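The primary structure of each chain is shown beneath.
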Amino acid sequence: MKIVSATVTDEIVLGLFSEHDDAMMEFLGEDKGLYTRYDGQEGIEKVWVIYVDDLPAGCVAYRRKESGVGEVKRLFVRSQYRGQGLSKPLLKTVEAYAREQGCNTLFLDTRITLEPAVSLYKKFGFSVVFQQGLYIQMEKKI
């Protein structure tokens, strides 16, 4: 396993983002109209890809939300690699980068119905700070 910094224009990154979007659209079903596919307008500053046996297995992205607050974006692990603990090193990478950027808080948006993701984030130290219907915001002090 290795984690490599990439750009949002990298073909591998764009492919992973597209797979992430497809998975979210499928998961959301009738609510898919509430989801925004990646369109290059999210202000993502940094992306990391995790490789297993030299194959891209997942990714995570980062953007600055406001002064002192970084945002975790597009954490995704391909289905065949889930359950192998790949999300944690990706989250640790984002956290370390956010600290380097002077952030004291990491933030993310998700849905309460994405139970595996919510559980992972809670184990990693995130807590729910806002909920509106199925939409939640979580943050972690770093």
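Residues numbered from 1 in each chain as written. Predicted model: local features only at pLDDT ≥ 70, side-chain atom pairs only at ≥ 80, totals over all residues. Heavy atoms only, no water.

J.: Looking at this model, I keep getting lost on the sheet that holds strand β7 (residues 135–141). Mind explaining?
T.: Strand pairs in the sheet, formed through backbone hydrogen bonds, run parallel or antiparallel to each other. With respect to topology, seven strands assemble into an open sheet ordered β1-β2-β3-β4-β5-β7-β6, the strand pairing being mixed. A strand with exactly one partner marks an edge of an open sheet, and here the two such strands are β1 (2–6) and β6 (127–132). Averaged over all pairs of adjacent strands, the angle between strand axes in this sheet comes to 25 degrees, irrespective of strand direction. Both strand β2 (residues 46–52) and strand β3 (residues 55–66) contribute to a ladder of seven bridges, which runs antiparallel. What sits directly across from Val52, in β3, is Leu55. Sheet contacts for helix α1 (residues 11–28): β1, β2, β3, β4 (69–77) and β5 (105–111); angle to β4, the most-contacted strand, approximately 80 degrees. (Pairing = 2+ DSSP bridges. Helix = DSSP H or I, 4+ residues; strand = E, 2+ residues; numbered from the N terminus. Axes fitted to C-alpha atoms, helices over the stretch in contact; angles between N-to-C directions. Contact = heavy atoms within 4.5 Å.)

J.: Looking at this structure, I do not really get the nonpolar core. What am I missing?
T.: If you look at soluble globular proteins, the nonpolar side chains tend to sit buried side by side. Ranked by size, the top nonpolar core spans 26 residues in total, and within it Tyr62, Val72, Tyr121 and Phe126 carry the most contacts. Those elements that provide at least two residues to this core are β2, β3, β4, α2 (87–100), β5, α3 (115–123) and β7. Looking at which element gives the most residues to this core, the answer is α2, with five residues. Not counting residues up to four positions away in its chain, the partners in contact with Phe126 are Val72, Leu106, Phe107, Leu108, Tyr121, Met138, Glu139 and Lys140. (Core = buried A, V, L, I, M, F, W, Y, C linked by side-chain atoms within 4.5 Å. Buried < 20%, exposed > 50% of the residue type's maximum accessible area, 1.4 Å probe, protein only.)

J.: It is not clear to me how unusual backbone geometry should be interpreted in this structure. Could you clarify?
T.: Across residues other than glycine, the phi torsion is negative in most instances, and most of the peptide bonds are trans. Although it is not a glycine, Asp53 sits at a positive phi angle of roughly 50 degrees. The exposed category is assigned to Asp53, whose relative accessible area is 69%. A positive phi angle is found at Asp54, which is not glycine, with a value near 65 degrees.

J.: Where do I start with the side chain of Arg74 in this structure?
T.: Counting through the fold element by element, Arg74 comes out in strand β4. Relative accessible area serves as the criterion here: at 8%, Arg74 is assigned to the buried category. Polar side-chain contacts of Arg74 include one of 3.4 Å to the backbone oxygen of Thr36. For Arg74, the side chain forms a polar contact with the side chain of Glu42, separated by 2.8 Å. When near neighbours in sequence (up to four residues on either side) are disregarded, Arg74 contacts Phe17, His20, Asp21, Tyr35, Thr36, Arg37, Tyr38, Glu42, Ile44, Cys59 and Val60. (Polar contact = N/O pair within 3.5 Å; in protein donor to acceptor, adjacent residues only side chain to side chain.)

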